[in-house]
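Close look at the chain arrangement
Chain by chain, the residues run as shown.
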Amino acid sequence: MPRPEVRMVTLTIDGREVEAPENSMLVDGAKHGDVEIPVFCYEPKLGPPVGACRMCLVEVEGIPKLQTACSTPVKDGMVVHTQTERVRKAQEAVVEFLLINHPLDCPVCDKGGECPLQDISYGWGGGTSRFIEPKRHFRKPLALSPLVAIDRERCILCYRCVRYSQEIAEDYQLVLLERGAHSYVGTFDSTPYVAPFAGNIIELCPVGALTSRAYRFRARPWDIEAAGSICTLCPAQCNISFTVRDDRVLRVMARDNPDVDDGWLCDKGRFAYQAVHADERVVEPMVREGGTLRPVSWERALDEAAAALSRARGRVGALAGDGATNEEGYLLGRLLREALDCNDLDSRVARGPSRETARALSAPALGATVPDVEFAHAVLVLDCEPMDDMPILDLRIRKGVRRHGMRLVVATSRPSSLDPNAAVSVRFAPGAGEAFLAALDAALAGGDVDSAAGAAGADPAAVRELARLLREAGDDVVVVWGERLTGGPRGEQAARALLNVCARLNLRRDGAGLLEIPSSANGRGLREAGVLPGAGPGWSEAADGRDAAGIARALAGGELGALYLLRTDPVRTHPDRTVWSAALARANAVIAHASVLTEGLLEHATVVFPAESYAEKEGTVTHPDGRVQRLRPAIGRPGGVRAEWQVLADVARRAGLEIALPTGAAATKLLFEAVPFYAGLSLVDLAADGVRWPERDAASALDAPAWEPVELERPPAAPSPNGALRLGTFRPIWAAPEVEVSPALRFLSARARVELSPGDARRLGLASGARVHVSHDGTGVAAEVVVRSDVPAGSAFLHEAQGANALSSGEPRLVEVRPA
Amino acid sequence: MKLLFDRVDEPGLNTIDVYRARGGYEPLRRALAMRPDEVVAQIDASGLRGRGGAGFQMGKKAAFIPKGDMDKFLVCNADESEPGTFKDRELMQKNPHQLIEGIAIAAHATGCNRAFIYIRGEYDYVADILDGSVAEARAAGLLNHVDLVVHRGAGAYICGEETALLDSLEGKRGNPRLKPPFPANQGLYQGPTLINNVETLSTVPHVIRMGGAEYAKLGTETSTGTKIVSVSGHVRRPGNYEIELGIPSREIVYGLAGGPAEGRRVKLWFPGGSSAPVLTEEHLDLPYDFDSMAKAGSMLGSGSIIVIDDTVPVIDVAKWVAKFYTHESCGKCTPCREGTRWTLAMVERMDRGEATPMDIEIMAGVQDQIIGHCLCVLGDSMAMPIASLVKHFREEIEAHIEAARARREGIVSPDSPREQPTEATV
C-alpha cells in the first residue's frame, strides 16, 4: 500500500495561522501552532478516535455545537477557538465530571507527578468541585494479572486499555463490564490478563488505574531519571527508556520509534530488566578451581584466559550471541583471527548459506524496513513465528492488516498466531522450508509445483493460491523469514530458492524486500562485524573456518582445544545439546562472558568474565532491517563488572595483539572503519533513532548484483511419519535466562512442552497436561503435552526449553512420543 | 384522517390475506415498477419527517445513501424504549405487513439488499408476529429484492440510538459511535445504511399510494402527514391516537385522551417522550407539530405525550427522569456517565431534606455542563427535561427542599447537640 502523501492545509487556531497536514485531527494540527488541546481517550496509536472522554471540546466557526478536536480533521480555512469562555467552561466541566468519582489519592499513587489527569486538572480544570455526594467505590487494588494492578476507583473509563487489547494486541481479553456509572474494565470471568503484550496498557493509562506491580511504590517521578537505550533481549531491538533510581533500573518504558517499535514493548522487554539486579547475576570474574567456579581477581582471570587461549593457539573456536554488540563481535573476530590464528568462529546456531549467497540476501536493494511491513500490499511470513522470534513485529503485521488492508500470507510448519489474520496459510513439514520455497518458486514460474510441494508435505493447491495472492496483491511484497530457514546442511539451497522467489516477485524495490529475523538479538550486527566462518567485517573475504556445528564436532573430537563464548551458552541455545555437552566437557578451556551461569557454563566454563547487562552497555547493535542503533549506559556496572570491549582488548593484549582502545567510542570508531558500509557513521548520528545503513550512500560497498533465478536442486522429501512424528522445534518468547531470573516474570518461564494434533494425541492415548518422553535414536527429553486443534497431523512441536534442544539438530527428524 | 391506524383493529389484519384484501402490497407493486430515484423523489415530495425522535426528513436521508453496486443495509429501528412511547408496538402487533411493505419499498428506493428489524427484546411476542409475517411475505415473493431479518435486542435503551443499535446488531456491546461518519456512509459492517423508525417506514406505503405531493397536503407545511401520538399519564383515556400534525395540543390531551380526572389540572406535560423538555398548561393551545414544539423550547420527539397533573410533586418527576437515564447511560462518554449519576444523587438528596436551595443552582449548572457536550443524545435526554423542570418550577422545588429539610430536622432529637460548623469541617 503506498504511503499516503502529506498535503498541508492552513487554518486559524486562536487567531494564529497554522499549517497542518491535511486530514490530521485538530488535536495534532493544533500542535503545529503550539496550541495544546487536552485529551484523555485520544491516542492515535490505537486507531481511529472514539470521542469518549469529551475533554478536547473546542469551538469551530460555522458549527453550532462544540466539537471534539480529537475527531475533527483539519480543513483549509477552518477557524478554531480553544480559549473562549464557552470552551473553557466545557473543558472545566469535563474535568469536574472526571474527578467526582476519582479518589484524589495522588499522594499515594504511583502515577502522581507523571499523570495526565493531574496535569490536565491543573491546566484546564476549575480547581474546585461542587460534588458532595458519595463517590463510587470498588474493591482495590486488584491484580489484573501478576504483572498489572488495577485500581478501578482511579479509572476514568477512557477505553484506551480496552481498545488496545481489542485492536492492537488483538488478544481480545480486556472488556468494559456493566453499564453507565457502574462500568469497569476487566476480563471475562476475572481471568488474569496474561498476554505477551499486556504491559503496554500500563503506559497507555492516563491515570493511576493500571500500574506495574513490579514498579508499584518503588519510586516517585522526582526520584528518578530516564535513560534512553535499546532493548537487546531479542532481535526486535525496541527503543526503550530505563527508569533509574540510585543507579538501579526500576522500570522500562517504550521510547517511541515508528521505524522500529511503534512505541510498544513486549512483556519480556518491559519486565526482564529485573535480571539486571538479580541475585543470580555474575558480578565478579571466576575461575574453575577443584571443579567449582570461584571468584578471583581480574588479573588472574585475564591471565588464565590468555594463557589457556595461547596454549591452544590455532585450535580455538568462538561463538557470539544474544546481547553482544557489533564492537564486541568485531574485537572477538580480531582476537581469534589475528591473535590466535584461528578462523573457527560463528554467530549463527547452524551453518548458513555461502558468503556469496548471504551477501545476495543482505543486498541493500533487497532489504525491507519495519514500516514496509505495515504498508506493503502483501507480507509473507515464512518459517518463523514473529510473536516468539521478534515479538513487536507481530503487532506491526496486525496493524498492516487491520489499518492498511495489507494482505497477509503465512507459510510455516507450526500453526501461527497470525493465521486468523492471514488471507492464506500454508503448512509444510518441519524443516521443509527449502522444498516449500521450491514449490513456491515453481508456482511463480509456472513450473511443476506438485513434486516440490509433495516433498514439503504441503498442499499444492494452497501453494498455488499463495503464489497467486503474492502476484496479484500489488507490487510491494515483504517476506519476513526466520534464520532457521537457511540454517542447517541445506541452508544454501533454501537461500537460493528464496532468492529465486524474490527475483520472480521483483522485490528489489523500495517498499518491498526481505526482512530476516536472526536467531539472536544482534544476529545481523554480529555477522556484519565478521563473526562468521569465512567472512570478515562487512562480509569481506576471510580464511574459511568451521561453523558452530563444526566447532562442536571439532571440540568433541579433540581437534579444537579451547572455546571462547561471548554471551552465549551453546548447551542451552544451540541444536544438538548432547554434542555440545560432550564438546564442552572435552575442551581444555572454556572462556565465557556471562551474566547468568546457565547449565553449560556452570558445568564446563573454566574462566567466566562477568558480562554487562544491557542497561550498562555502550556500543552499537544492528537491527534486522539494517538500522544501526546505539546503546548507552543507564547505570554504572555493579561489583567488579568491566566493559566487555575492554575485557576482549585485555585478553587480546595478553595474547599478543595490541588494540589501542582508550574508550568504548574508540571501539565503535574501529568498527565503523572496518565495515565498509558503516563508513562515515558516527555515534552522534545514531543518538536518537539510529541510522539505517542500507539507505546511505556507503551501502554501495555491499551492493550485490541482482539475482537471476537459478535452476534449483531437487529438494529432499520430508521424512514420512509412519507412526512416528515429524519434529519441529521453536523457541518461545519466554525461553530466556532473563525471564527465569526476573521475579516478576518467573511465572511465565518456558517449560518443555510438546504440541500434538488431536488425532495423534488420541492415537497415542494422550491428553493435554500428560507427561511424555519425546525421543529420537535413544536421545530423549521429558515434556508436557499440549493438544492443539490446528497442529497438522503427523507433526509434533517441541518448545525449546529445559533442555529440549537435545532433540533438535537442524535436520528434519522423526520422534517417538510415549507416556513418561 | 386515519392512514396508519386505518381499521387497525380489523380481525386478522396481521395476516397477509386480510392485508392484501384491502389493497396492501399494491403500493409495493407500484414502487417496484418505478425507478429507485423516482421512489425517493416521491418520499422527498411527501416531506415525511422521521418519527423516531429526531424528525429528520426521510427523503433527504434516503438520498444520502450512495449509489453503486455494493452491500447496502436498511435497518428498521424497533427498539422502542423511550418512556411513554408505545406506538410502534401497536403498529407492529396489529399491522406488521404495513411495516414490511414500507421496508420493501424503502429498500428498493435505496438499493439496500439486506434489511433488519432491530426489535427490543422485551417485545418478544411482537417479534414472533413479525417473524410470521416476514415468512408470509417472503413466501408470497414480495421480498425477492431484499433479505429481511428480525433481530431481537437484549434490552438496553441506548440501543435505540442508531449507531449503538448498529454495534449491537454487529454483535458488539451497544455503545454509540462517533459521528461522522454517518450511517448513510459507514453504518452496519461499515456499509451504507439507512436507518428509520417503525412508524416512518410504515408510512411509506401510504406515501406511495397517495403520491408524495398529496401526502404533503396533510398536516402543516413543515410537519406533513399524520402521526401516532402515545398519550399516557394522568389522562382518562390513555392510548395511541393518530392525528393530523398541527392540531391544537389541547385537542389531543383533552379531546382524545380525556384530560386529567375530575377536579385536577394539567401541571406539566412532556410533548415528545421523557427526553423532551416539559411544557406547562399554557402551552396546550400550541399546534402539535415539530416546529411549534421546538419554538416553545421543547420537541415533538417520538410523539409521546406524558401528562402529569397537579397531584405530583415536581421533584418526583425529576427523580423518575434522572433515575431512568442514570440506569440507561451506557457509560462511554464522561458528561453523561457522571452527570446523570450526579444529578440523581442531588435530586434524591433534595427529597431527603439534605439539600439547600443553593443545590438547585448546582443542579442546573450540571445540566448545562451535559447539554451539547455528549457523544450521543442520551445525556441531553436527561439534562433537557431536568433543566426545563428547574426553569418552570424553581419555586416549587425550593419550597420542597425547605419543607423536606424542616421535616428532617424535626426528626432530630432536641437533646442531641446541634452540629456546629467548625473550621475543621468547613
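Note that the coordinates shown come from a computational prediction; the quantities given were computed from them, not determined experimentally. (Residues numbered from 1 in each chain as written. Chains lettered and ligands numbered in written order. Predicted model: local features only at pLDDT ≥ 70, side-chain atom pairs only at ≥ 80, totals over all residues. Heavy atoms only, no water.)

Observations concerning the overall build of chain B
Counting secondary structure elements, chain B contains 16 helices and 9 strands. A compact globule built from 426 residues should have a C-alpha radius of gyration of about 22 Å, and chain B, at 23 Å, falls within 12% of that. When the backbone C-alpha atoms are referred to their principal axes, chain B occupies close to 85 × 45 × 35 Å. Split into buried and exposed, the 426 residues of chain B put 59% on the buried side. Across chain B, every contact between residues at least 6 apart in sequence was considered, and the portion connecting residues at least 24 apart equals 71%. (Helix = DSSP H or I, 4+ residues; strand = E, 2+ residues; numbered from the N terminus. Rg over C-alpha atoms; globule rule 2.2 N^0.38 Å. Buried < 20%, exposed > 50% of the residue type's maximum accessible area, 1.4 Å probe, protein only. Contact = heavy atoms within 4.5 Å.)

Observations regarding the packing of helix 2 (residues 85-100) of chain A against helix 15 (residues 358-370) of chain B
Direction vectors running N to C along helix 2 of chain A and helix 15 of chain B enclose 110 degrees, while the axes themselves pass 9 Å from each other. Between helix 2 of chain A and helix 15 of chain B, the angle is such that the two are roughly perpendicular. Relative to helix 15 of chain B, the crossing made by helix 2 of chain A is left-handed. On the side of helix 2 of chain A, the interface is formed by Ala93(A), Glu96(A) and Phe97(A), while helix 15 of chain B contributes Val366(B), Gln369(B) and Ile370(B). Taken together, the residues that form the contact of helix 2 of chain A with helix 15 of chain B break down as 4 nonpolar, 1 polar and 1 charged. (Axes fitted to C-alpha atoms, helices over the stretch in contact; angles between N-to-C directions. Parallel < 35°, antiparallel > 145°, perpendicular 65-115°, else oblique. Left-handed = near helix turned anticlockwise from the far one by under 90°. Nonpolar A, V, L, I, M, F, W, Y, C, P; charged D, E, K, R; others polar.)

Some thoughts on the domain arrangement of chain B
All names here are of chain B. Domain boundaries assigned for chain B yield domain 1 (16-215), domain 2 (226-309) and domain 3 (314-408). Each of domain 2 and domain 3 was reduced to a C-alpha centroid, and the two centroids are 23 Å apart. Of the residues lining the interface, 13 residues belong to domain 2; the matching set on domain 3 comes to 13 residues. Here domain 2 is connected to domain 3 by 1 salt bridge. The salt bridge partner of Lys267 is Glu396, with a shortest N-O separation of 2.9 Å. If you look at where domain 2 meets domain 3, you find 5 residue pairs in polar contact (both at pLDDT 80 or more). The set of elements that each furnish at least two residues to the side of domain 2 that touches domain 3 consists of strand 7 (266-270) and strand 9 (304-309). Class assignment of the residues belonging to the side of domain 2 that touches domain 3 gives a composition of 8 nonpolar, 4 polar and 1 charged. (Domains from an automatic or database assignment. Salt bridge = Lys/Arg side-chain N within 4 Å of Asp/Glu carboxyl O. Polar contact = N/O pair within 3.5 Å; in protein donor to acceptor, adjacent residues only side chain to side chain.)

Points about the interface of chain B and chain A
Contacts between the two partners involve 31 residues from chain B, matched on the other side by 36 residues from chain A. Between chain B and chain A lies a buried interface of about 2800 Å² when both sides are counted; carbon and sulfur atoms form 53% of it. The tally of links between chain B and chain A comes to 3 salt bridges. The shortest N-O distance in the salt bridge between Glu133(A) and Arg349(B) comes to 2.7 Å. Put simply, chain B and chain A have 18 residue pairs in polar contact (both at pLDDT 80 or more) between them. Only helix 13 (314-328), helix 14 (334-352) and helix 15 of chain B provide two or more residues apiece to the side of chain B that touches chain A. Broken down by element, the residue count for the side of chain B that touches chain A peaks at 10 residues, all from helix 14 of chain B. Split into classes, the residues belonging to the side of chain B that touches chain A amount to 13 nonpolar, 11 polar and 7 charged. (Buried area = accessible area lost by both parts, 1.4 Å probe.)

Digging into the packing of aromatic side chains
One pass over the structure, following the stated rule, counts 18 aromatic pairs over all chains. A ring pair is formed by Phe428(A) and Phe436(A), whose centres lie 5.1 Å apart and whose planes are at 20 degrees; its orientation type is stacked. There is no split in this pair, since Phe428(A) and Phe436(A) are both buried. Each ring, one from Tyr19(B) and one from Tyr25(B), has its centre 5.2 Å from the other, and the planes form 80 degrees; the classification is edge-to-face. Looking at Tyr25(B), the relative accessible area reads 5%, which means it is buried. Each residue in the set Phe672(A), Phe677(A), Tyr678(A) and Trp693(A) is aromatic and connected to the rest through ring pairs, giving one cluster. The ring of Tyr123(B) is capped by Arg120(B), whose NZ or CZ atom sits 5.3 Å from the centre of that ring. Seen from the ring of Tyr159(A), Lys332(B) lies directly overhead, with NZ or CZ sitting 5.9 Å from the centre. (Phe/Tyr/Trp six-rings, centres within 6.5 Å; stacked < 30°, edge-to-face > 60°. Lys NZ or Arg CZ within 6 Å of the ring centre and 35° of its normal.)

Section: the packing of helix 2 of chain A against helix 3 (residues 116-124) of chain A
Residues and elements named next belong to chain A. Axis separation between helix 2 and helix 3 bottoms out at 10 Å; the angle between their running directions is 140 degrees. By the angle class used here, helix 2 and helix 3 are oblique. By crossing handedness, the relation of helix 2 to helix 3 is classed as left-handed. Only Leu117, Ile120, Ser121 and Trp124 of helix 3 make contact with helix 2, whose side of the interface consists of Gln91, Glu92, Val95 and Leu99. Class assignment for the residues of the contact of helix 2 with helix 3 results in 5 nonpolar, 2 polar and 1 charged.

A look at empty space enclosed by the protein
Gaps between atoms show up when a probe of the same size as a water molecule is rolled over them. Residue and element names in this part refer to chain A. Inspection of the entire model under this criterion finds 7 cavities of 30 Å³ or more. Of the volumes computed, that of the largest cavity is approximately 320 Å³. Lining the largest cavity are 28 residues, with Leu361, Ser362, Trp481, Glu516 and Arg527 positioned closest to its centre. Here the residues of the lining of the largest cavity are counted per class, giving 14 nonpolar, 5 polar and 9 charged. The residue makeup of the lining of the largest cavity includes at least three contributed by each of domain 3 (301-349 + 522-702) and domain 4 (355-427 + 466-517). (1 Å grid on protein atoms, 1.4 Å probe; cavity = no way out; pocket = protein on both sides within 12 Å on 5 of 7 lines; lining within 4 Å. Points joined across faces, edges and corners; volume = space filled by probe spheres on them.)

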